[in-house]
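Residues per chain, in single letters:
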Amino acid sequence: MDIPFVDLHENYKRISDRIDRELAEVINQTSFIGGDKLAEFERNFADYIGVEHGVGVASGTDAIFLGLKAAGIGVGDEVITVSNTFVSTVDGIIHNGARPRFVDIDADTYTMDPNRVEEAVNEDTKAIMPVHLYGQPADLNPLREIANKHDLLLIEDAAQAHGARYEGKRVGSIGDLAFFSFYPSKNLGAFGDGGLVATDNDDMAEQIRMLREYGESTKYEHQEVGYNSRLDTLQAAVLDAKLPELDQWNEERRDAAALYNDLLADIPILTPDCAPFSDHIYHLYVIQTKNKSERRALKNHLEQNGVSTGIHYPIPVHEQPSYQQMDYKFADLQTTQKTSRRILSLPMYPEIEKNEIRYIVDKIETFYED
Ligand SMILES: *Cc1c(COP(=O)(O)O)cnc(C)c1O
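The notes below deal with the structure included here.

Parameters and conventions
Residues numbered from 1 in each chain as written. Predicted model: local features only at pLDDT ≥ 70, side-chain atom pairs only at ≥ 80, totals over all residues. Heavy atoms only, no water. Helix = DSSP H or I, 4+ residues; strand = E, 2+ residues; numbered from the N terminus. Expected span 1.5 Å × (residues − 1). Buried < 20%, exposed > 50% of the residue type's maximum accessible area, 1.4 Å probe, protein only. Arc of directions from axis to C-beta. Polar contact = N/O pair within 3.5 Å; in protein donor to acceptor, adjacent residues only side chain to side chain. Contact = heavy atoms within 4.5 Å. Pairing = 2+ DSSP bridges. Phe/Tyr/Trp six-rings, centres within 6.5 Å; stacked < 30°, edge-to-face > 60°. Lys NZ or Arg CZ within 6 Å of the ring centre and 35° of its normal. Near = heavy atom within 4 Å. Areas by Shrake-Rupley, 256 points an atom, 1.4 Å probe, with all protein chains shown as cover. 1 Å grid on protein atoms, 1.4 Å probe; cavity = no way out; pocket = protein on both sides within 12 Å on 5 of 7 lines; lining within 4 Å. Sits in = over half its atoms within 2 Å of the grid points. Salt bridge = Lys/Arg side-chain N within 4 Å of Asp/Glu carboxyl O. Points joined across faces, edges and corners; volume = space filled by probe spheres on them. Nonpolar A, V, L, I, M, F, W, Y, C, P; charged D, E, K, R; others polar. Axes fitted to C-alpha atoms, helices over the stretch in contact; angles between N-to-C directions.

**Concerning helix 2 (residues 16–29)**
Piece 1. Here helix 2 contains 14 residues, and its C-alpha end-to-end distance of 20 Å stays within 8% of the 20 Å for a straight helix at 1.5 Å per residue.
Piece 2. When we look at burial in helix 2, the residues that qualify are Ser16, Ile19, Glu22, Leu23 and Val26. Each buried residue of helix 2 sits inside an arc of 135° when the element is viewed along its axis, so together they form one side. Across helix 2 from its buried face, at more than 90 degrees, point the exposed residues Asp17, Arg21 and Asn28.

Dropping the structure here:
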């Protein structure tokens, strides 16, 4: 059996008629930049999340960069965030001239440990930016409390958590600002790059609309030195066709995760923990092995049996070559470091079949029997 890590084609087949129709409409109108379809998707996604504004941009990376800029984060400022994330969470801080201050993660949820945040606050701190990693919301209530106490912004990197809920509320609607990515393999994925900033704040939304469009306030009048970073209208059409299915697809991911959890229960690996406050949407299904060499051997064993796996992420941001010139000697990131050596992501997508999950677990079982 050959089991891919994700299967975008199976997903496309389910609603190809609707997607093709939506794309044809945009092509017929030859309205490729901006236009009704983009506005429609931005409105629908903002309503789905439960925020006032959705501003579509060219990628999740640009959402982070432009969002932080609109929030006024710049030279001399610090943003508290995590190191076990996709690197672009942190790149957006650096590109605005600010500094990341990494805090460690909670060992069970892999997200920012709220108990480590207050000691990281100093006079330069402007924001706290947790990441809802793998589709599991970070523990936002205590983070909100700390943010309020020190007059900081709470900003969500929700690039892996479209539709996840924290205490019943959609993530992306809780922070002052939230970032989404529509990279093809995300839970809501485009047919190329795309991203969005979600916020209730009128001024920040306006600012990002201006920045993404050459800094233009009215036609050919440029209020700011801007960028060209719009969500492509063809991508908005794809996303708008998919959005009504998102809850169903997330439910199917949860079912797949429940089956994995069940079947893996007696095998000596750690399965993902779903915190009581969270409605996990399993962007990734991540297990933990005993150590790095066991992980390597298990990964190879699965590969040899046709099962593709991934590691998210093998190198924490603070250990990336691009971050070596920076000074993090005060950071204690033991849990981040330890988990990066042990985590392994198993195949996860809404269309994965029960017999495929059984096959994967079966192969994991034989690995531990040998
Ligand atoms: C995917 C991702 C991003 C970047 O999004 P792109 O659309 O690929 O630029 C940022 N943060 C996290 C946590 C992500 O998973």
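**Focus: the side chain of Arg170**
Piece 1. Secondary-structure assignment places Arg170 in strand 7 (residues 169–170).
Piece 2. Under the relative-accessibility criterion, Arg170 is labelled buried at 10%.
Piece 3. Among the polar contacts listed, one links the side chain of Arg170 to the backbone oxygen of Gly163, at a separation of 2.9 Å.
Piece 4. A distance of 3.2 Å separates a polar atom in the side chain of Arg170 from a polar atom in the side chain of Asp247.
Piece 5. Once residues lying within four places of it in the same chain are set aside, the contact partners of Arg170 are Tyr48, Ile49, Gly163, Ala164, Arg165 and Asp247.

**A word on the sheet that holds strand 12 (residues 278–279)**
Piece 1. Taken in spatial order, the three strands line up as 7-6-12 in an open sheet, and their pairing is antiparallel. Two strands lie at the open edges of the sheet, namely strand 7 and strand 12, each paired on one side alone.
Piece 2. Sheet analysis places strand 6 (residues 165–166) next to strand 7, joined by two bridges and oriented antiparallel. Note on strand 7: the bridge partner recorded for Arg165 is Arg170.

**Observations concerning the packing of aromatic side chains**
Piece 1. Counted under the stated rule, the structure contains 13 aromatic pairs.
Piece 2. Look at Phe45 and Phe182: their rings are 5.5 Å apart centre to centre, the planes differ by 90°, and that puts the pair in the edge-to-face class. Of this pair, Phe45 sits in helix 3 (residues 35–49) while Phe182 sits in the loop between strand 8 (177–181) and strand 9 (195–199), and the two are 137 residues apart along the sequence. Per residue, the accessibility class of Phe45 equals that of Phe182, and both read buried.
Piece 3. Taking 5.0 Å as the distance between ring centres and 90° as the angle between the ring planes, the aromatic pair formed by Phe367 and Tyr368 counts as edge-to-face.
Piece 4. Under the relative-accessibility criterion, Phe367 is labelled buried at 16%.
Piece 5. Classification of Tyr368 by relative accessible area gives partly exposed; the value is 21%.
Piece 6. Through successive ring pairs, a cluster of aromatic residues spans Phe41, Phe45, Tyr48, Phe180 and Phe182.
Piece 7. Just above the ring of Tyr48 sits the side chain of Arg170; from NZ or CZ to the centre is 4.1 Å.
Piece 8. Above the ring of Tyr220, the side-chain terminus of Lys219 is found at 4.9 Å from the ring centroid.

**Things to note about the site of the ligand**
Piece 1. Near the ligand, the surroundings consist of 15 residues, among which Gly60, Thr61, Gln160, Ser181 and Lys186 are the closest.
Piece 2. Measuring from an oxygen atom of the ligand, one finds a side-chain N or O atom of Gln160 at 2.8 Å.
Piece 3. Between Lys186 and the ligand, the recorded distance is 3.0 Å, taken from a side-chain N or O atom to an oxygen atom.
Piece 4. Protein contacts shield 93% of the accessible area of the ligand, which totals 380 Å² for the unbound molecule.
Piece 5. Of all the cavities here, the one that holds the ligand is the largest pocket.
Piece 6. Counting only elements with at least two residues in the shell around the ligand, the list comes to helix 4 (60–70) and helix 5 (88–95).

**What to know about the pattern of salt bridges**
Piece 1. According to the stated counting rule, one finds 25 salt bridges in the structure shown.
Piece 2. Ionic pairing is found between Arg230 and Glu213, a salt bridge with its closest N-O pair at 3.5 Å. With Arg230 in the loop between strand 11 (221–222) and helix 8 (233–242) and Glu213 in the loop between helix 7 (202–211) and strand 10 (216–218), the pair connects residues that are 17 residues apart, well separated along the chain.
Piece 3. Between Glu251 and Arg254 there is a salt bridge, and its shortest N-O distance comes to 2.9 Å. Remark: Arg254 and Glu251 occur in helix 9 (residues 246–264); sequence separation between them is three residues, near one turn of the helix.
Piece 4. Residues participating in the shared-partner salt-bridge network are Glu22, Lys37, Glu40 and Asp240.

**With respect to the layout of surface pockets**
Piece 1. Its volume calculated, the largest pocket comes out at about 420 Å³.
Piece 2. As for the largest pocket, its lining consists of 24 residues, of which Phe86, Ser181, Tyr183, Lys186 and Tyr313 are closest to the centre.
Piece 3. Of all the elements in the fold, those that place two or more residues in the lining of the largest pocket are helix 4 and helix 5.
Piece 4. Among the residues making up the lining of the largest pocket, the classes are represented as nine nonpolar, 12 polar and three charged.

**Digging into the sheet that holds strand 3 (residues 99–102)**
Piece 1. Across the sheet, seven strands lie side by side as 1-9-8-5-4-2-3; this open sheet has mixed pairing. Two strands bound the open sheet, and with one partner strand each, they are strand 1 (53–57) and strand 3. The average undirected angle you get between the axes of adjacent strands in this sheet is 25°.
Piece 2. Pairing of strand 5 (residues 153–157) with strand 8 involves three bridges; the strand directions are parallel. Paired with Glu156 across the strands is Ala178, a residue of strand 8.
Piece 3. Across the face of the sheet, helix 5 comes into contact with strand 2 (78–81), strand 3 and strand 5 while running at roughly 140° to strand 3.
Piece 4. Helix 7 rests against strand 1, strand 8 and strand 9 of the sheet, and its axis sits at about 20° to strand 1.

What is shown is where atoms sit, not what they do.
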